Structures are given as structure tokens and as C-alpha cells.
Amino acid sequence: MAPRVHPLTHLALITIRPLISYLSATGIGIVAGLIGYAVFTMNEPFAAAALVVYALAVSLTMNRFGLRQCWRWLFVSAVVVAGIGVVGFQVFGVDLLPVPLLFSGGVSLLLIQINRLWSLDRQLTRRLFNASTRNAESNAKTRLMSGLKLLNTVLPLSEAVVFRCDDSNSLEAVARFKGAAPNAQDPRRNSVWREGINLCQQAVTSGKLVSQTATGENSSTVAVPLLHESETAGVLLIRLASEFSVDDTPLLEAVSSQFARNLERESFSKSAAHTQSLSYFSQSGSRRKLDALNVLKAVTVEQRCEASTLSHIDDGVAIAYLDGTLALVNPSLLSFAGLTSEQAAKMDLFDLLHKFRTDIFDEPEIAVRRVLQTGVEYEGELNFEPKNQILNLRISLLRERLNQKDETPIGIAIHVKDLTSTKEYEKLKSDMISLMSHELRTPLTSINGFAELLTADQTIPAQAREFVSIIANESQRMSRMINTFLSVTQLQRKDKQEVLKIPLRLDEVVRETIASLQPVAKKKRIRLLEQPAHRIPPVAADKSLITQAVKNLVNNAIKYSPERTTVTVSTALEAEAVRVCVEDRGFGIPAEAKERVWDKFYRVVREGQEKDEESTGLGLSFVREVVEQHGGHVELDSVEGRGSKFSFTLPRL
Ligand code: ADP
């Protein structure tokens, strides 16, 4: 993908480029004419002018239309020149210079063609080098070293050296790794090194792994050719602290192909710095282009490694190019779609998506179009009743990052996840919760009912009546907890669309809640104030859920504040939302608990706080659940010992 160019640079390029091209074509025409003039050593200015004019005509026509489009015209003009020349000479006895003219025209054509090819080659070289340099940059040497370290974890290496091998098969050491106990003082070191080099030469010529075990010693030397695209890029020489086992041959051969790729990078990153402008005419320039191509091929091989990861995952994944051709379909997706790989090979993106058609996903084309137009991914839960299977399907746009800001779409990814067992577990869990809650509630109602009856019975002793009233209060508390718990779990089960939303004025909800909680506040001598804003627009919300959420916040503010303090409930209009804020001068919340207070069953432990305070740790999680289901969000601002400010926003209508 071409990098973005600044508009002014672009403007300069589109005006300057044709100008340069015409100027060079004119230059070439003049030079070709003069060459003809010089070759045929003529002494007439008229002849020079005629040759230049003809060569110019050829070069400008070639430059404008290219050889493929204008060869017929050039041929006709050559025939005409030759014909007029013959007629002129035969009939009128005048030499109209047909041969010099045709010669100059031919030279002009040749030079223009070379110039065009050269300029194309420059573009090709520049792009090839840019792409390869991006992939060869910085880490070539590091990767060679890291490969040697990895090898050391599998084989007990005394020493390992990677040699680069040039056209004349001479070796140059480019990376070296010393194992745990290299014997630097070894008097035989030089001869061992020579033997090693010999072994490497053998490996390069034979193209096969060569090993040698030192007689009477427990060590061996192995040379492995580093082959990339059937060319020997170098040799890996390793000295082992043990005898070499042939079982390790496949391992060494596999690792050495990676070394070969890294070596290509290494040698390319060294040569890439050289100038490339004359590469069309130079052998070393062409060699470097070959190196660049090898680097790109190495990248392709490594990318296959990324793609093959997908064959080992349980989720189905397919990747399609932007023309709908399928680039990859992993085995899990094939099994979800009920296809064999041969069948999938004949399909395109839409054929594949049609295999997942259901009621809610009946026109895959529309889903794909939307993803392409908006870039927002499509997600749907597909229920295949006959197969008793629930699948989650996601279609998303794959993008390539061009630079810090820009991205360009390069493909479409399909991700299919089997939700069948997760859904079964979820259903089982919620069935169990409702069953248990029901089973708990029925006996609790009896306990509470009878305990209340007994508290009213004046015939039983006072102490027993006190115990009974404790039973009554506790059983009531327990049933309230169960109710809250049930409402939170039920809410989580509901889909976003299921919440009944009607236009609702939040200032009215606040007013009603304050009125209903005034008696509770009064009991604690807390001033409960309302601070409404003017002209609050309505929001779309479920009245009973939102009222319960506000009630939870105000109740908490009263519950967690000392006597004779103030609790203020305000409403305010923000850019696109209405905010409800409950502020108290109470105990506040420690910094480390601020995030967690919204979690289910989380309660802040405070020293000296009454144990019998009714607390489930569910109130705030209910608030967050409700607010988020309405598309809003919750916020908390609190300083321990000073007070708290709980607030939430809902999108305005
Ligand atoms: P509950 O109040 O039933 O314990 P909540 O989910 O409503 O459960 O609250 C979680 C915890 O957050 C409570 O244990 C309480 O300590 C703390 N909390 C909630 N609101 C306030 C508040 N206004 N001031 C101080 N602490 C609060």
C-alpha cells in the first residue's frame, strides 16, 4: 500500500513528473538524431536537422503512447521514409537519407525504451526495498542469537556459530554462542576450529547435515546447511558436549530453515543501506533485489505459522479477502458449517455465510455490506433448533495500520463460537437460583408469620417474646435479601431490549423517592434535600427500575451517614444526558474499595459499624446493572470520613 503523500507534494509530483518525462524524451530524441549524424559523418546542417526531427518524433510518440500502442505508426513511418528514399533516389537521383533517418529513429526508440524500463525498475526496487527493510529491520541479529539460545535449551551446546555463505562459498561468521563450559584454554582449539570449517564446507557442497564424533572423547561437531528457497544461505556449526544422535536431525533441520530466513534478513539489512539508483545496470544491485525478495518470502513462511495456529483452536475462524475469496477456513469452522475442506475450497465468503443462515441472519449480504460500510462489527446469536445448537457469529473488518493515524481495510474475519453448553449452564444456574429462592422463601414466610403472631401474644414471658421478635426481624431481613438477589439476577438475564422504556422525567422520580424516604431520614435526624435543575428533558427508561435504583442510592446515603447530617439529591442536564447525583456527608468510601463497591456482595467493612445494619452488598450492583442496561453509566466520588457522591447518567431523549 502506497504511503500517503502531502497534497502539495502530490500536486508538485503530478505537474513535475510529466514535464520531466517530456524533457528527457526531447533530450533522447536530440541525442539519437546527433548520434545518427555522427555515425554517418555527414557535413550538412540540413541533414542534422532532418535526423533530429525524425528521432524527436519517434521519441515523443514513444514517450506519449508506449511501444505497444504506437508500433504500427512507427512501422508505417519507417516504411514511408524508406519508400520516399528509394523513389527519391531512383526517380530524382536525390539522396533523401533513408538509412540515417531509420538508424536515428531506431536509436531513439531503443533509448526511450531503456529509459522507460529503467524508471519502472527504480520504482520496483524502491518498493521492494521499502517492504523488505520494514521486515528485516533491527532484529535480524537478535533473532539469530535468540535462535542459538533456543537451540541450547534442547541440545547441550559447547559452542555454536552461524556462518554466512557467499557466491564463492566462502564462510563468514555472523553470530556465535558459547555454551555453559567452553574450554577456552583447549590446546587443540585451532585444529578443532579447522575441522569445523572443513565440515561446514562439506555441508555446503553436499547440501546435507554432516557430523563428526571426536575419537575417544564424548563430544561431537555437526554442520547443518542453512537452506532457504533451495539456496544455501549459510551453515550452522555446533559443537556438542555429547555424542550427536541422528534422532536430532529433523529438529536441527527445522531450526536451520529458520536460521536461513534470519540470515537472509541479516545480510539484507546490511546491504539495504547501499544506493539503488543504478541497480538496473549492476549485478550487485540485482543480487540485492534477490535478497530483498528472499526476505519477503521468509516473511510469508513465518506468516503461515500464524495462520496455522488457527487450526488448533475450538472457535471457528475464517478470513476472506475484500473480493470475497476465502483465504482461510479453520477445521472448527468447517465442522460448524458442516463442510469438508474440498467443498470450502470451491466457496466464497457468501457461500460460507449462507451455511449459517437463520431467522435473524437471513441475508448475510446485508450484514457484510454494513460491516464494510461502517467498519462496525456484526454480532448475532444464531439458534439452530433442529441441531440444538446455539452459535455466536461475528463478522468484522480486518485492517492494516499504515501509520499512527491511518488504517486501511484488508479483509473480513468471521468468528464463530459455540455457545450451546454455556447457555445450558446459564439456564441451569438460573433455574437453580429461582428454585432455591422459592424453596427458601416459602418456609421464611411461615417463620416470619408465626413469629409475628407470637410477638403479639401477651401470654408468653417477656424474654421469650424478645427472642421471637428477633426471629421475626431476622426472617424479614432474610426475605428482603432474597428479593434483592432475585431482582439482580433476573435483571442480568434480561436482554437490553426487554426493559420497558417509556419517556420518564428523572426530577419527578427524585421528588417521589425523597418523599417516600423522608420518614427514614427523619428517624436519623438527617436533612434530605432536593436540588432540581430547570427544564430537565425526559429520558427513555423503565420507571420502576430507575426508581428502585435512586431509592438504593438515597437509602445508602442515609444508612452510611451519621446523625444530623445532610443528604442532597440533585438532577442536572449534561451535553447528551441527564445526571442524578446523591451526595452525603457520611463515612465515605476508602480509595481501595471504590471500584469494588459496585460488585455483587461486596460490602465495606467499617470499624464500629453496627452488625445488624441491613446490608447485602447487592444494592449498588443493582444500580449499575439498571443504569448500564439503559445505556448510561455510574460514577463515584468519595473521600473517606468526609462523604460520598454517587451519580449516574442516562441518555436524554
Ligand atoms: P449494602 O448497602 O446492602 O451493603 P450496597 O451494594 O448498596 O450494599 O453497598 C456496598 C457497600 O458500599 C456497602 O457495604 C457500604 O459500605 C458502601 N456504601 C454504599 N453507599 C455508601 C455511601 N453513601 N457512603 C458510604 N458507603 C457506602
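Coordinates for the structure precede this section.
Residues numbered from 1 in each chain as written. Predicted model: local features only at pLDDT ≥ 70, side-chain atom pairs only at ≥ 80, totals over all residues. Heavy atoms only, no water.

### So, the packing of helix α14 (residues 506-523) against helix α15 (residues 543-559)
Phase 1: Where α14 contacts α15, the axes come no closer than 9 Å and their chain directions differ by 45°. In terms of orientation, α14 lies oblique with respect to α15. Between α14 and α15 the crossing geometry is right-handed. Residues Leu 506, Val 509, Glu 512, Thr 513, Ser 516, Leu 517, Val 520 and Ala 521 of α14 form the contact with α15, whose own contacting residues are Lys 543, Ile 546, Thr 547, Val 550, Lys 551, Val 554, Asn 555 and Ile 558.
Phase 2: Grouping the amino acids of the contact of α14 with α15 by side-chain chemistry returns nine nonpolar, four polar and three charged. (Axes fitted to C-alpha atoms, helices over the stretch in contact; angles between N-to-C directions. Helix = DSSP H or I, 4+ residues; strand = E, 2+ residues; numbered from the N terminus. Parallel < 35°, antiparallel > 145°, perpendicular 65-115°, else oblique. Left-handed = near helix turned anticlockwise from the far one by under 90°. Contact = heavy atoms within 4.5 Å. Nonpolar A, V, L, I, M, F, W, Y, C, P; charged D, E, K, R; others polar.)

### So, the sheet that holds strand β2 (residues 171-178)
Phase 1: A sheet is described by the order of its strands in space; here five strands give the open sequence β2-β1-β5-β4-β3, paired in antiparallel fashion. In this open sheet, the two strands that pair with only one neighbour each are β2 and β3 (210-213). Within this sheet the neighbouring strands show an average axis-to-axis angle of 15°, counted without direction.
Phase 2: Sheet analysis places strand β1 (residues 157-165) next to β2, joined by seven bridges and oriented antiparallel. Pairing of Arg 164 across the sheet is with Glu 172, part of β2. (Pairing = 2+ DSSP bridges.)

### As for helix α7 (residues 283-309)
Phase 1: With 27 residues, α7 should cover 39 Å at 1.5 Å per step; its first-to-last C-alpha distance of 40 Å lies within 8% of that length.
Phase 2: Within α7 the residues assigned to the buried category are Gly 285, Arg 288, Lys 289, Asp 291, Ala 292, Asn 294, Val 295, Ala 298, Val 299 and Glu 302. (Expected span 1.5 Å × (residues − 1). Buried < 20%, exposed > 50% of the residue type's maximum accessible area, 1.4 Å probe, protein only.)

### Considerations on the nonpolar core
Phase 1: Core analysis: the largest hydrophobic core is formed by 43 residues, its most contacted members being Leu 528, Ile 546, Val 554, Val 569, Trp 598, Phe 648 and Leu 650.
Phase 2: Sorting elements by how many residues they give to this core places α15 first, with eight residues.
Phase 3: Discounting residues that sit within four places of it in the chain, Val 569 has contacts with Val 510, Ile 514, Leu 528, Leu 529, Glu 530, Gln 531, Val 554, Val 580, Cys 581 and Val 582.
Phase 4: Core analysis: the next-biggest nonpolar cluster, separate from the first, contains 28 residues, Leu 334, Met 347, Val 368 and Tyr 378 among them. (Core = buried A, V, L, I, M, F, W, Y, C linked by side-chain atoms within 4.5 Å.)

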